[in-house]
Amino acid sequence: MEAIPYTEFEVQAVAYMLLKRAGYDAHGEYVWKGPKVQHTTRTGKARTMGARFDLVILGTKQELLLILEVKKKEQAVIGKLGRYSSLAGVPAIGIRGMREAFEVVEKGKPYVL
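Rules used throughout
- Residues numbered from 1 in each chain as written.
- Predicted model: local features only at pLDDT ≥ 70, side-chain atom pairs only at ≥ 80, totals over all residues.
- Heavy atoms only, no water.
- Helix = DSSP H or I, 4+ residues; strand = E, 2+ residues; numbered from the N terminus.
- Buried < 20%, exposed > 50% of the residue type's maximum accessible area, 1.4 Å probe, protein only.
- Contact = heavy atoms within 4.5 Å.
- Phe/Tyr/Trp six-rings, centres within 6.5 Å; stacked < 30°, edge-to-face > 60°.
- Polar contact = N/O pair within 3.5 Å; in protein donor to acceptor, adjacent residues only side chain to side chain.
- Salt bridge = Lys/Arg side-chain N within 4 Å of Asp/Glu carboxyl O.

A.B. asks: So what's going on with the overall build of the chain? Residues and values would help.
C.D. replies: Within the chain, the regular secondary structure consists of four helices and four strands. Counting from the amino terminus, the chain carries its helices and strands in the arrangement α-β-β-β-α-β-α-α. By residue count, 37% of the 113 residues in the chain fall in the buried class. Taking as baseline every contact in the chain between residues at least 6 positions apart, the subset at least 24 positions apart corresponds to 51%.

Here it is, written out as structure tokens:
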């Protein structure tokens, strides 16, 4: 019998549950609204630069501490980490597959202590 592959949602759900159990203020599908920036569009209006992150950990003042990008496969390449980190000004780490989801608390500790 073949193993049923996990979905990205399932990997994300396990990581979220473990972070919550460990006492972290974790949030899924977090919409981050960045600073207003001037775009060179035809209107020239200022817009908010933002993003939607798979998982985040917030601090006691609801400040963003850590971004977690989740992929369902262990072999996945996560190219967004550098862009997310520079955009939001906080560390971003990848969670690749269910094995890493079960290690999320240890993997994230250095960034949120």
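A.B. asks: Just give me the short version of the packing of aromatic side chains, but keep the residues and values in it.
C.D. replies: Under the criterion given, the structure shown has two aromatic pairs. Ring centres 6.3 Å apart and planes at 35° place the aromatic pair W32 and F53 in the tilted group. Here F53 lies in strand β2 (residues 46-58) and W32 lies in strand β1 (residues 25-38), a separation of 21 residues in the sequence. According to the relative accessible area criterion, W32 is buried, its value standing at 13%. Taken together, a centroid distance of 4.9 Å and an interplanar angle of 75° make the contact between F53 and Y84 edge-to-face. Of this pair, F53 sits in strand β2 while Y84 sits in helix α2 (residues 81-88), and the two are 31 residues apart along the sequence. Summarising the burial analysis for this pair, F53 and Y84 share the class buried.

A.B. asks: Tell me about the side chain of Q12, residues and numbers included.
C.D. replies: Mapped onto the fold, Q12 is located in helix α1 (residues 8-21). A polar contact of 2.9 Å, which involves the side chain of Q12, links it to the backbone oxygen of D54. Not counting the four nearest positions on each side in its chain, Q12 is found in contact with G28, E29, D54, L55 and V70.

A.B. asks: So, the pattern of salt bridges: which residues are in play, and what are the values?
C.D. replies: Scanning all chains against the criterion turns up seven salt bridges. A salt bridge links E103 to R99, with the shortest nitrogen-to-oxygen separation between them at 3.6 Å. Judged by relative accessible area, which is 44%, R99 ranks as partly exposed. The closest approach of N and O atoms between K109 and E106, which form a salt bridge, is 3.1 Å. You can see K109 and its partner E106 sitting in helix α4 (residues 104-112), three residues apart, about one turn around the helix. For K109, a relative accessible area of 32% puts it in the partly exposed group. Owing to a relative accessible area of 54%, E106 belongs among the exposed residues under this scheme.

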